[in-house]
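# Structural overview
Residue strings, one per chain:
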Amino acid sequence: MDQIEVRPAGPHDVPGIAACVCEAYLPYVERIGRQPGPMVDDYMDVLRHCHVYVAVQGRYLAGVVVLAKTIDGLCLDSVAVRPALQGMGIGRCLIERAELEAMRLGFDTLYVSAHEGLEEAIRACKRLGYDEYERRVDCGAAQIFLRKTLRRAWQSCALN
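Residues numbered from 1 in each chain as written. Predicted model: local features only at pLDDT ≥ 70, side-chain atom pairs only at ≥ 80, totals over all residues. Heavy atoms only, no water.

Take the packing of aromatic side chains next. Summed over the entire model, instances satisfying the criterion amount to three aromatic pairs. With centroids separated by 6.3 Å and ring planes inclined at 65°, the aromatic side chains of Tyr25 and Tyr28 adopt a geometry described as edge-to-face. On the criterion of helical spacing, the pair formed by Tyr25 and Tyr28 is a turn pair, its members being three residues apart in helix α1 (residues 14–32). Like Tyr25, the residue Tyr28 is buried in the burial classification. Centroid distance Tyr111 to Phe145: 6.4 Å. Interplanar angle 25°. Geometry classified as stacked. Of this pair, Tyr111 sits in strand β5 (residues 109–115) while Phe145 sits in strand β7 (residues 141–149), and the two are 34 residues apart along the sequence. For Tyr111, a relative accessible area of 7% corresponds to the buried category. Through pairs of rings, three or more aromatic residues link up here, namely Tyr111, Tyr133 and Phe145. The aromatic ring of Tyr133 is capped on one face by Arg147, whose charged end is 3.8 Å from the ring centroid. (Phe/Tyr/Trp six-rings, centres within 6.5 Å; stacked < 30°, edge-to-face > 60°. Helix = DSSP H or I, 4+ residues; strand = E, 2+ residues; numbered from the N terminus. Buried < 20%, exposed > 50% of the residue type's maximum accessible area, 1.4 Å probe, protein only. Lys NZ or Arg CZ within 6 Å of the ring centre and 35° of its normal.)

Structure representation (structure tokens):
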């Protein structure tokens, strides 16, 4: 099996991004009663307005993460990994890349929101250190908001 590489996305990745997102989010359609937002996004437009990274295995697009600047700060807008490759750590690698990018951009926190019906995604974020801070209805859906304080290496070092 080829090694996974995480890199910035380009226009040539758009078809693979759209396919990956649709495959990853499809199981949630029935549960939440509609397509999750990432399934209907125009990824050419997303590339123009957001920071997008893809995980590739050879020429195969395995996963994607989207970071968006909002009035609330920097948002981990979506993370998707093709179902056949889930559980291999690709999502964690994408989120770690997003956290590094957030720090590079000068953000001390990164937040994520998820429909309350996406229990697996919420549990995964909590395992990675994201803490729930708010619940509210957003765009007609009950959302859970989580955030993580990002720690730079120098912040975690004890100085004498």
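Let us now look at the environment of Asp131. Relative to the helices and strands, Asp131 is located in strand β6 (residues 131–138). Beyond its immediate stretch of four places on either side in the chain, Asp131 contacts Phe145, Leu146 and Arg147. (Contact = heavy atoms within 4.5 Å.)

Looking now at the pairing of β5. Across the seven residues of β5, five count as buried, placing the element largely inside the fold. Relative to β7, β5 runs antiparallel, the two being bridged by seven bridges. Bridging from a neighbouring strand, Thr109 pairs with Thr149 of β7. (Pairing = 2+ DSSP bridges.)

If you trace the backbone, His115 turns up in strand β5. For His115, a relative accessible area of 14% gives the class buried. Discounting chain neighbours no more than four positions away, the residues touching His115 are Ile32, Ile122, Ala141, Ala142 and Gln143.

What follows concerns the confidence of the model for the protein. Mean pLDDT over the protein works out to 87, with 93% of the residues at or above the 70 mark. Segment residues 153–160 is flagged for pLDDT under 50; beyond a separation of four residues in sequence, or across chains, it makes one contact in the model. (pLDDT = per-residue confidence, 0-100.)

Moving on, we get to the pattern of salt bridges. Inspection of the entire model under this criterion finds 13 salt bridges. The salt bridge partner of Arg82 is Glu23, with a shortest N-O separation of 2.6 Å. Linking Arg82 in the loop between β4 (73–81) and α4 (90–104) with Glu23 in helix α1, this pair joins segments that are 59 residues apart in sequence. Note on Glu23: relative accessible area 34%, which makes it partly exposed. For Glu96, the salt bridge identified is with Arg92, shortest N-O distance 3.6 Å. Placement of the pair is Glu96 and Arg92 together in helix α4, with a separation of four residues, close to one helical turn. With a relative accessible area of 39%, Glu96 lands in the partly exposed category. A relative accessible area of 40% places Arg92 in the partly exposed class. (Salt bridge = Lys/Arg side-chain N within 4 Å of Asp/Glu carboxyl O.)

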